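Given next are the chains, with one letter for each unit.
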Amino acid sequence: MKVKRSALQGKDEFVIWDKLTEHVPPYEEGGILKQDTVSSNFCLLSNFYFQVINGGIVQFIDNASGNYFHETLAAAAEINCNALVAVLEEAAMQFPGGTVPADFNLRRNLWDEMTRSHTIKGEEYDIVEEKWEQLWESFDRRFMDNESIFLQQIIEYLKKYAM
């Protein structure tokens, strides 16, 4: 991935982010980790960002992006985004052994099982426990409260490698 230094200039991280996302490497199954480290990290983190903005951390986990949960966590650590690392580590701890399975079907079945364990049987329909839903919403809020910092840290990371 070649990012020009000019794409990283400006004071508004959201404007810079919009410029940068024009350069996101393709998110291809299996190919994401075959790129250079900077491109791979940028691709993982930008995909995470788009998934969370669209539907939260649950959407990130529930889609193909969840196949790279732990790689995304490592990418967040690489750019020193401690707030995101903390959120992802806590989300992972909801899974047995603190591991989000890379295999989609296994992850989907496990998620369904975890959600069922937090479901109250009703007469007409089942209700997911409010505390379970609030937990996942809290992860989303914590990320969104640090969105600007996250974008700034990606920009600073990319500045180290810009042409």
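Remember, predicted model here, so these are calculated numbers, not experimental data. (Residues numbered from 1 in each chain as written. Predicted model: local features only at pLDDT ≥ 70, side-chain atom pairs only at ≥ 80, totals over all residues. Heavy atoms only, no water.)

Asker: Mind showing me how you'd approach the overall build of the protein chain here?
Answerer: Looking only at helices and strands, the protein chain features 7 helices and 2 strands. Order of helices (α) and strands (β) in the protein chain, N terminus to C terminus: α-α-α-α-α-β-β-α-α. A buried classification covers 41% of the 163 residues belonging to the protein chain. Considering only residue pairs separated by 6 or more positions, the protein chain has 60% of its internal contacts joining residues 24 or more positions apart. (Helix = DSSP H or I, 4+ residues; strand = E, 2+ residues; numbered from the N terminus. Buried < 20%, exposed > 50% of the residue type's maximum accessible area, 1.4 Å probe, protein only. Contact = heavy atoms within 4.5 Å.)

Asker: Help me understand unusual backbone geometry in this model?
Answerer: As a rule of thumb, non-glycine residues mostly have phi less than zero, and peptide bonds are mostly trans rather than cis. With phi around 60°, Asn80 is a residue other than glycine that occupies positive phi space. Looking at the element boundaries, Asn80 is found in the loop between helix H3 (69-78) and helix H4 (82-92).

Asker: Sorry if this is basic, but what is going on with the environment of Gln94 here?
Answerer: Positionally, Gln94 belongs in the loop between H4 and helix H5 (104-116). Judged by its relative accessible area of 27%, Gln94 falls in the partly exposed class. The sequence separation of Gln94 and Met114 amounts to 20 residues, and the corresponding C-alpha distance is 8.4 Å. Discounting chain neighbours no more than four positions away, the residues touching Gln94 are Met114, Trp132, Leu135, Trp136 and Phe139. Side-chain polar atoms of Gln94 contact the backbone oxygen of Glu90, separated by 3.0 Å. (Polar contact = N/O pair within 3.5 Å; in protein donor to acceptor, adjacent residues only side chain to side chain.)

Asker: What am I meant to see in the side chain of Gln51 here?
Answerer: Counting through the fold element by element, Gln51 comes out in helix H2 (residues 37-62). A polar atom in the side chain of Gln51 sits 3.0 Å from the side chain of Gln59. For Gln51, the side chain forms a polar contact with the side chain of Asn63, separated by 2.8 Å. Here Gln51 is in contact with Gly56, Gln59, Phe60, Asn63 and Ser65, once residues within four sequence places are set aside.

Asker: Please explain the packing of H3 against H4 as it appears in this structure.
Answerer: Packed helix pairs are characterised by how far apart their axes lie and by the angle those axes make with each other. Running from N to C, H3 and H4 cross one another at 155°; their axes reach a closest spacing of 9 Å. What the angle tells us is that H3 and H4 run roughly antiparallel. Of the two possible hands of crossing, H3 and H4 adopt the one that is left-handed. Seen from H3, the contacting residues are Phe69, His70, Thr72, Leu73, Ala76 and Ala77; seen from H4, they are Leu84, Val85, Leu88, Glu89, Ala91 and Ala92. Taken together, the residues of the contact of H3 with H4 sort by class into 9 nonpolar, 2 polar and 1 charged. (Axes fitted to C-alpha atoms, helices over the stretch in contact; angles between N-to-C directions. Parallel < 35°, antiparallel > 145°, perpendicular 65-115°, else oblique. Left-handed = near helix turned anticlockwise from the far one by under 90°. Nonpolar A, V, L, I, M, F, W, Y, C, P; charged D, E, K, R; others polar.)

Asker: Hey, could you run me through the nonpolar core in this one?
Answerer: One recurring pattern in soluble globular proteins is that nonpolar side chains are buried together. Grouped together as the largest cluster of nonpolar side chains are 39 residues, with contacts concentrated most on Phe48, Ile57, Leu84, Trp136 and Phe150. Within the residue set of this core, elements represented by two or more residues are H2, H3, H4, H5, helix H6 (130-145) and helix H7 (147-159). Here this core takes 11 residues from H2, the largest share from any one element. When sequence neighbours within four positions are dropped, the list of residues in contact with Leu84 reads Leu45, Phe48, Ala76, Phe143 and Phe150. (Core = buried A, V, L, I, M, F, W, Y, C linked by side-chain atoms within 4.5 Å.)

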